[in-house]
Amino acid sequence: MARIAYDGHDAAAFADTRHLAAAALDSWLAAVGRHLPPAHGKRLLDLGSGTGAWAKAFADSYAVIAVEPSEAMRARSEHPHVLAGDAEHIPLADGSVDAVWLSTVVHHVPDLVRSAHEIRRVLRPGGPVLIRSAFAGRHDTITLFRYFTEAIRVLDSFPSVPEVQEAFGASGFGVAAIEQVPQCTAASLRDFATRLRRAAHTPLQLISDQEYATGLARLNAAADHVDGPVIDALDLLVLR
C-alpha cells in the first residue's frame, strides 16, 4: 500500500511527530461532521489508520473500525483494535460501514480503481468517502513545501483531485464537496523545525539527501525570525 516501507523507524517517526494537537483535530472533526453528523451507532472505517490518532479522535463521535497494512504502525496504534488489511483488501463484510475516512493515504494506494471498487463493496449506499490529503498541484497552503521546494515534484506525482474523481467514478462515486480545512500544525516555525522528522514524511524521503539538507537550512533560517503559529490547510475531498 505504501510508497515507503513504514517499518519500525518510519512508524516511530510518524508516531512522534505527525499527530495533531487537539485544536487542529477539532477543525477536522467539525469538517467531517458537516458531511457525517456524529452518531455513536454510525460505523466509520479509518482505512490506512497508521498509528491510530484519527481513529482515537473519531471514537467519541462514531463507532470506528481501523484497518492498517503496516505491522509496525499497528503495533504503535492509539486505537485498541486495528485490523490488518489495505485499500484493495478490506477485511469487512459487504455494506458494513456508513462512511470511509482516508487521511494522507491515497498516494500510497497502487491501484485507485480497484481500491474504489473495494470501498464501494463495504460502504452502505449513500455513505461518504472522506479523503484528507495533499493532492498534486495543491501545495500552496502547506508549510512543508514552502521550504522543501524540491519535494513539490514528489507531491506532483501523487494523485490529483481529477484523477481520484475519475478512479472513484468508475465505481459510481461522484464529488459531493471539496474544501480546504485549516489546521494549526505547530505552535511556531521553530517548533515545526525542531519536531520535523524526515522519516515521517513521504515527500522528504523521496528527495535526495542534498535536497533535504538544503530545505532544512531554509527552514532553520526562517525559523529564527518568523513568528506565530504554523497554519496549514489540507484538502477534504468528499465522494458519494
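Bear in mind that the values here come from a model prediction, so they are computed numbers and not experimental data.

Would you mind showing me how to read unusual backbone geometry here?
Phi angles above zero are rare outside glycine, and Thr-104 is one such case at about 45°. The residue Thr-104 is located in the loop between strand S4 (99-103) and helix H5 (112-122) in this model.

What should I look at first to understand the environment of Asp-224 in this one?
If you trace the backbone, Asp-224 turns up in the loop between helix H11 (209-223) and strand S7 (230-239). C-alpha of Asp-224 to C-alpha of Arg-190: the two residues are 34 residues apart in sequence and 7.1 Å apart in space.

Looking at this model, I keep getting lost on the pairing of strand S5 (residues 129-133). Mind explaining?
Side-chain direction in a regular strand flips from residue to residue, so the side chains alternate between the two faces of the sheet. Taken across its 5 residues, S5 has 5 buried, putting it largely inside the fold. Here S5 shows two buried faces, one formed by Val-129, Ile-131 and Ser-133 and the other by Leu-130 and Arg-132. Pairing of S4 with S5 involves 4 bridges; the strand directions are parallel. By the bridge assignment, Ser-103 is partnered in S5 with Arg-132.

Just checking my understanding: could you explain the sheet that holds strand S6 (residues 175-186) for this structure?
Consider a sheet: its strands pair through backbone hydrogen bonds, and that pairing is either parallel or antiparallel. As summarised here, the arrangement of the 7 strands in space is S3-S2-S1-S4-S5-S7-S6, forming an open sheet in which the pairing is mixed. Whereas interior strands pair on both sides, the edge strands pair on one side only; in this sheet they are strand S3 (82-84) and S6. The sheet shows a mean angle of 25° between the axes of neighbouring strands, direction not considered. As defined by bridge partners, S5 adjoins S7 across 5 bridges and the pair is classed as antiparallel. Pairing of Arg-132 across the sheet is with Leu-236, part of S7. The strands touched by helix H2 (residues 22-35) are S4, S5, S6 and S7; relative to S6, the strand with the most contacts, the crossing angle is about 170°.

Honestly, the packing of H5 against helix H8 (residues 161-169) in this entry has me stumped. Any pointers?
Two quantities define a packed helix pair, namely the angle between the helix axes and the distance between the axes. Where H5 meets H8, the closest approach of the two axes is 8 Å, and the angle between their N-to-C directions is 55°. Relative to H8, the element H5 is oriented oblique. Crossing handedness for the pair H5 and H8: right-handed. In contact with Leu-112, Val-113, Ala-116 and Ile-119 of H5, H8 contributes Val-164, Ala-167 and Phe-168. Within the contact of H5 with H8, the residues separate by chemical class into 7 nonpolar, no polar and no charged.

Help me understand the pairing of strand S2 (residues 63-68) in this model?
Counted residue by residue, S2 has 5 buried out of 6 residues, so it is predominantly covered. Summarising the sheet, strand S1 (residues 43-47) and S2 pair through 5 bridges and their orientation is parallel. Within the sheet, the bridge partner assigned to Leu-47 lies in S2 and is Val-67. A crossover links S1 with its parallel partner S2, the connecting element being helix H3 (residues 53-58), and its sense is right-handed. When S2 meets S3, the two strands line up parallel, connected through 3 bridges. Directly across from Val-67, in S3, lies its bridge partner Leu-83.

Basis of the calculations
Residues numbered from 1 in each chain as written. Predicted model: local features only at pLDDT ≥ 70, side-chain atom pairs only at ≥ 80, totals over all residues. Heavy atoms only, no water. Helix = DSSP H or I, 4+ residues; strand = E, 2+ residues; numbered from the N terminus. Buried < 20%, exposed > 50% of the residue type's maximum accessible area, 1.4 Å probe, protein only. Pairing = 2+ DSSP bridges. Axes fitted to C-alpha atoms, helices over the stretch in contact; angles between N-to-C directions. Contact = heavy atoms within 4.5 Å. Parallel < 35°, antiparallel > 145°, perpendicular 65-115°, else oblique. Left-handed = near helix turned anticlockwise from the far one by under 90°. Nonpolar A, V, L, I, M, F, W, Y, C, P; charged D, E, K, R; others polar. Right-handed = clockwise from strand over helix to strand, strands pointing away.

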